[in-house]
Amino acid sequence: MMLLFTPGPTPVLEEVRLAMAAPTIHHRTPEFEAIFQKAREALFQLLPMKEVLFLASTGTGAMEAAITNIAKKKVLTINAGKFGDRFSKIVKAFNLELVELKYEWNIPASVEDVKKALKDHSDIDTIALQICESAGGLRHPVEEIAKAAKEFNSEIAIIADGITAVGVEPIDVTNIDVLITGSQKALMLPPGLAMLGLSEHALNRIDNGKGFYFNLASELKKQRQNTTAYTAATTLIIGFSKMMEIIEQNGGLKVLFEKTKKRHNALLESLRAIGLTIYPKSPALAMATIIDEKNANEIRNLLKTKYKINIAGGQDHLKGKIFRINNMGLIETYQMAWVVNSIELALNDLGLREYNGDAVRIFSKMMESE
Ligand SMILES: *Cc1c(COP(=O)(O)O)cnc(C)c1O
């Protein structure tokens, strides 16, 4: 069996798989409504906002729904990777006007650049950006950007793609209007379920909604009655409830955030100690991204073939130059210890550095400390 350590999809726990193995039930029944109500309450915990919604789609569906239902005329996007680029493509696909701030994939967006763009284009009504841009594992200063934007013009709506940030770290939603997440990242569920948190301002913007399948007003109306506009993704909703229960049994979200942060520190330190270079200037807690233009591919291949660990590579211009290790979800310390040890072994296999156990030693020591 292979360890799945890609920053999405993440592995699905056995308890969750078993919960989802129950026979399919009909979605228009009191039985399912009770399940949905429980899931909706758990979603309010995860996304502490005025309203929440499930959508039967991958995360991209929620990104599209947010743009079509919230944006009016002109959208500012932050493009520092694949997912920022996707927001720009969605904006164009719906014939909205686009202003894009483009960055190299390891550089976080600057608040000053955003302020300047808002001054230069006073008709921008919406900003769409990633909290963590997964293409490079980069954390954008979303809270600061959102605050500056609201100070400039409180009518501007902020759409935050938190697909690799929700369930990873606490997010200050004070100035965020739409917070998006998806099932196959920190929530360790199969792909196919997206979730949105909405502010009061977002609810006003939605009004009667736009589009058809992704009309958020239709969904809001139904989901407030503990059902969905179209056939609910019943199995995934059941899985979601189970996963939230497991997180609760493990100390709740606060403990999950603390553990994720601690493991991230230990992971980054142990990789640095064996001479590897962290790619992003502001690493997000969701993953560790290493840049090694010469050896990234070979390290990744060895991990897969010899050490039975599946990690992710890079895309586009970073193909073969970076690798990304997942840090989202309920990860066993011994599994991550094997990951860092295997990377050190792979460096030895490639004749790049003699193995001395530094990585696993530093990782374990840091995981033990208070
Ligand atoms: C995974 C991911 C998405 C959504 O991708 P889907 O394949 O549509 O689920 C969006 N944004 C970020 C930052 C992601 O990591």
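Small disclaimer: the values here were computed from a predicted structure and weren't measured. (Residues numbered from 1 in each chain as written. Predicted model: local features only at pLDDT ≥ 70, side-chain atom pairs only at ≥ 80, totals over all residues. Heavy atoms only, no water.)

A. Structural view of the sheet that holds strand E10 (residues 194-198). In space, the seven strands of this open sheet follow the order E2-E10-E9-E8-E5-E3-E4, with mixed pairing throughout. In this open sheet, the two edge strands, each paired with only one partner strand, are strand E2 (51-55) and strand E4 (97-102). Geometrically, the sheet is characterised by an average inter-axis angle of 20° between neighbouring strands, direction not taken into account. Here strand E3 (residues 74-79) runs beside strand E5 (residues 126-130); their pairing, made up of three bridges, is parallel. Its bridge partner being in E5, Thr77 is matched across the sheet by Ala128. Each of E3, E4, E5, strand E8 (157-161) and strand E9 (178-182) is contacted by helix H4 (residues 82-93), which is oriented at about 160° to E3, the strand it contacts most. (Pairing = 2+ DSSP bridges. Helix = DSSP H or I, 4+ residues; strand = E, 2+ residues; numbered from the N terminus. Axes fitted to C-alpha atoms, helices over the stretch in contact; angles between N-to-C directions. Contact = heavy atoms within 4.5 Å.)

B. A look at the pattern of salt bridges. Going through the model one piece at a time under the given rule, you end up with 24 salt bridges. Between Lys82 and Asp316 there is a salt bridge whose closest N-O contact spans 3.2 Å. Note that Lys82 is positioned in helix H4 and Asp316 in the loop between strand E13 (309-310) and strand E14 (322-326), a separation of 234 residues in sequence. Residue classification places Asp316 among the partly exposed positions, given a relative accessible area of 46%. (Salt bridge = Lys/Arg side-chain N within 4 Å of Asp/Glu carboxyl O. Buried < 20%, exposed > 50% of the residue type's maximum accessible area, 1.4 Å probe, protein only.)

C. Molecular detail of the packing of aromatic side chains. Applying the stated criterion across every chain, the model contains seven aromatic pairs. Ring centres of Phe54 and Phe240 lie 5.2 Å apart, and the angle between their planes is 80°; on these two criteria the pair is classed as edge-to-face. Here Phe54, found in strand E2, pairs with Phe240, found in helix H9 (residues 234-249); they are 186 residues apart in sequence, far enough to count as distant. Assigned by exposure class, Phe54 and Phe240 land together as buried. In this structure an aromatic cluster arises from ring pairing among Phe32, Phe36, Phe54 and Phe240. (Phe/Tyr/Trp six-rings, centres within 6.5 Å; stacked < 30°, edge-to-face > 60°.)

D. H9, seen in detail. Taking 1.5 Å of rise per residue, 16 residues should cover 22 Å, and H9 covers 23 Å from first to last C-alpha, within 8% of that figure. Among the residues making up H9, those that are buried are Thr234, Leu236, Ile237, Gly239, Phe240, Ser241, Met243, Met244, Ile246 and Ile247. In this structure, the buried side of H9 is in contact with helix H1 (14-19), helix H2 (30-46), E2, E10 and helix H10 (252-273). (Expected span 1.5 Å × (residues − 1).)

E. Geometry of the side chain of Glu219. Tracing the sequence through the fold places Glu219 in helix H8 (residues 216-223). One buried charge, Glu219, has no salt-bridge partner; the nearest side chain with opposite charge is Arg28, at 8.0 Å. Once residues within four sequence positions are removed from consideration, Glu219 is found in contact with Leu53, Phe54, Leu55, Thr228, Ala229 and Tyr230. (Lys, Arg positive; Asp, Glu negative; His and termini not counted.)

F. Up close: the site of the ligand. In the neighbourhood of the ligand, 14 residues make up the surrounding shell, with Thr58, Thr60, Ser134, Asp161 and Lys185 lying closest. Between the ligand and the protein, one listed contact pairs an oxygen atom with a side-chain N or O atom of Thr58 at 2.6 Å. For the ligand, an oxygen atom lies 2.8 Å from a polar atom in the side chain of Gln184. Computed on the free molecule, the ligand has an accessible area of 380 Å², of which 89% lies beneath the protein chains in the complex. Those elements giving two or more residues to the shell around the ligand turn out to be helix H3 (59-70) and H4. (Near = heavy atom within 4 Å. Polar contact = N/O pair within 3.5 Å; in protein donor to acceptor, adjacent residues only side chain to side chain. Areas by Shrake-Rupley, 256 points an atom, 1.4 Å probe, with all protein chains shown as cover.)

G. Focus on the sheet that holds strand E12 (residues 287-291). Read across the sheet, three strands follow the order E11-E12-E14 without closing on themselves; strand pairing throughout is antiparallel. Looking at which strands have only one partner, the edges of the open sheet turn out to be strand E11 (277-278) and E14. In the packing of H10 onto the sheet, the strands contacted are E11, E12 and E14, and the crossing angle to E12 comes to about 15°.

H. Spatial organisation of the packing of helix H12 (residues 333-349) against helix H13 (residues 358-368). One can describe the packing of H12 onto H13 by two numbers: an axis separation of 7 Å at closest approach and a directional angle of 155°. Considering the angle they form, H12 stands roughly antiparallel to H13. For the pair H12 and H13, the sense of crossing is right-handed. The residues of H13 that touch H12, namely those facing Thr333, Met336, Ala337, Val340, Asn341 and Glu344, are Asp358, Ala359, Val360, Phe363 and Met367. Looking at the contact of H12 with H13, its residues break down into seven nonpolar, two polar and two charged. (Parallel < 35°, antiparallel > 145°, perpendicular 65-115°, else oblique. Left-handed = near helix turned anticlockwise from the far one by under 90°. Nonpolar A, V, L, I, M, F, W, Y, C, P; charged D, E, K, R; others polar.)

I. Spatial organisation of the pairing of E3. Within E3, six of the six residues are buried, which leaves it mostly tucked inside the rest of the structure. Residue alternation in E3 divides its side chains into two sets, Lys74, Leu76 and Ile78 and Val75, Thr77 and Asn79, and both sets are buried. Summarising the sheet, E3 and E4 pair through six bridges and their orientation is parallel. Directly across from Asn79, in E4, lies its bridge partner Lys102.

J. Main features of the pairing of E10. Buried residues dominate E10, accounting for five of its five residues. Along E10, one buried face is formed by Ala194, Leu196 and Leu198 and the opposite face, lined by Met195 and Gly197, is buried too. Relative to E10, E2 is paired through five bridges, and the arrangement is antiparallel. Across the sheet, residue Val52 finds its bridge partner in E10, namely Gly197. Two strands pair when backbone bridges link them, and E9 and E10 are joined in this way by five bridges, in the antiparallel orientation.

Take it as geometry only, folks, not as evidence of what the structure does.
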